[in-house]
Amino acid sequence: TSGIAHKGNVDILPPRTKGEPAEGYIVADITYSPRNIEVMGDKDDVTALKEIRLNDFDISGASANKVFFYDISGYLKENSVTVKNEGDKIIKVTVNIEKKAEKSITFADSKIVLSGKNNNMYAYDAVQETPMKISGRSEDIAKISASSLSAVCSVSDLQAGEHSVAATVDIP
């Protein structure tokens with residue numbers, strides 16, 4: 001007797017993390033492999049299985065990269081399929097942790113747009129510059145300068161008088 005196995009491709013969904021890295025550290029990126037596997041089995045089972053979501057990976061307190069290996073054999077068995085390449089049963093997930101980069105920028109208030117300004121009112125700012133502190137991935141922070149920022153303040157609901165207004169800053 002011989003049987004015919006049907007083949008299909010299954011996407012491994014991008015892994016998610018839970019918990020927070022150590023104080024002063026961030027998740028720089030997450031890589032994983034393989035991202036797609038070929039499975040075999042009964043036509044209906046192969047057709048029904050389109051993607052696999054891995055469990056969340058705990059990075060609580062991490063201050064260095066973490067590597068996880070996730071065995072999907074049980075998941076495949078539950079769904080009545082087998083993997084064509086035995087090595088694809090193990091998904092390698094690398095969570096890259098890096099020290100949070102910080103940068104202080106002095107933002108020119110002339111770059112702040114006032115939205116919703118009533119034409120019968122005059123809005124002004126007594127301060128000429130606003131200091132800001134930004135933080136994130138060092139690669140991203142290095143690309144940001146004061147000239148690349150813009151901001152919007154909504155003043156539509158304000159009455160005459162002095163107000164402190166939050167700005168929404170656009171960072172490229």
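Here is a short report on the structure shown in this document.

**Digging into the packing of aromatic side chains**
And then number 1: Counted by the stated rule, this structure contains two aromatic pairs.
And then number 2: Ring geometry for Phe 57 against Phe 68: centres 4.8 Å apart, planes inclined by 45 degrees, an arrangement best described as tilted. Taken together, the residues span a long stretch of sequence, with Phe 57 in strand 6 (residues 57-58) and Phe 68 in strand 7 (residues 66-71) at a distance of 11 residues. Across the pair, exposure class does not vary: Phe 57 and Phe 68 are buried alike.
And then number 3: Between Phe 57 and Tyr 70 the ring centres are 6.2 Å apart and the planes differ by 80 degrees, which places this aromatic pair in the edge-to-face class. Taken together, the residues span a long stretch of sequence, with Phe 57 in strand 6 and Tyr 70 in strand 7 at a distance of 13 residues.
And then number 4: Judged by its relative accessible area of 22%, Tyr 70 falls in the partly exposed class.
And then number 5: Clustering of aromatic rings is evident, with ring pairs tying together Phe 57, Phe 68 and Tyr 70.
And then number 6: Over the aromatic face of Tyr 32 sits the side chain of Arg 35, whose NZ or CZ is 4.3 Å from the ring centroid.

**Concerning the sheet that holds strand 11 (residues 112-115)**
And then number 1: Strand order in this open sheet of three strands is 11-13-14, and the pairing throughout is mixed. Of all the strands in the sheet, just strand 11 and strand 14 (168-170) have a single pairing partner and so form its edges. Taken pair by pair, the neighbouring strands of this sheet meet at an average axis angle of 25 degrees, ignoring direction.
And then number 2: Across three bridges, strand 13 (residues 150-154) lies against strand 14 in antiparallel orientation. Looking at the pairing, Ser 150 lines up with Asp 170 of strand 14.

**Thoughts on the sheet that holds strand 9 (residues 90-99)**
And then number 1: Taken together, the three strands give an open sheet; going across it, the order is 3-9-7, and neighbouring strands pair in antiparallel fashion. Only two strands of the sheet have a single neighbouring strand rather than two, namely strand 3 (25-33) and strand 7. Pairwise comparison of adjacent strand axes, ignoring direction, gives a mean angle of 20 degrees for this sheet.
And then number 2: Both strand 7 and strand 9 contribute to a ladder of six bridges, which runs antiparallel. The residue bridging Phe 68 from the neighbouring strand is Val 93, located in strand 9.

**Structural notes on the nonpolar core**
And then number 1: Residues Ile 12, Ile 37, Ile 52, Leu 54, Ile 72, Leu 76 and Val 93 are the most contacted members of the largest nonpolar core, which totals 21 residues.
And then number 2: Mapped onto this core, the elements with two or more residues apiece are strand 1 (6-12), strand 4 (36-41), strand 8 (81-83) and strand 9.
And then number 3: The biggest single contributor to this core is strand 9, with four residues.
And then number 4: In this structure, Val 93 is in contact with Pro 15, Ile 30, Thr 31, Tyr 32, Leu 54, Phe 57, Lys 66, Val 67 and Phe 68, ignoring residues within four places of it in sequence.
And then number 5: Counting 11 residues, the second largest nonpolar core, distinct from the first, contains Ala 101, Ile 112, Ile 144 and Ala 151.

**Focus: unusual backbone geometry**
And then number 1: The peptide bond linking Ser 33 to Pro 34 adopts the cis configuration, its omega dihedral lying at -5 degrees.
And then number 2: Among the structural elements, Pro 34 can be located in the loop between strand 3 and strand 4.
And then number 3: A positive phi is found at Ser 80, a non-glycine position, where the angle reads about 60 degrees.
And then number 4: Within the fold, Ser 80 resides in the loop between helix 2 (73-78) and strand 8.

Parameters at a glance
- Residues numbered from 1 in each chain as written.
- Predicted model: local features only at pLDDT ≥ 70, side-chain atom pairs only at ≥ 80, totals over all residues.
- Heavy atoms only, no water.
- Phe/Tyr/Trp six-rings, centres within 6.5 Å; stacked < 30°, edge-to-face > 60°.
- Helix = DSSP H or I, 4+ residues; strand = E, 2+ residues; numbered from the N terminus.
- Buried < 20%, exposed > 50% of the residue type's maximum accessible area, 1.4 Å probe, protein only.
- Lys NZ or Arg CZ within 6 Å of the ring centre and 35° of its normal.
- Pairing = 2+ DSSP bridges.
- Axes fitted to C-alpha atoms, helices over the stretch in contact; angles between N-to-C directions.
- Core = buried A, V, L, I, M, F, W, Y, C linked by side-chain atoms within 4.5 Å.
- Contact = heavy atoms within 4.5 Å.

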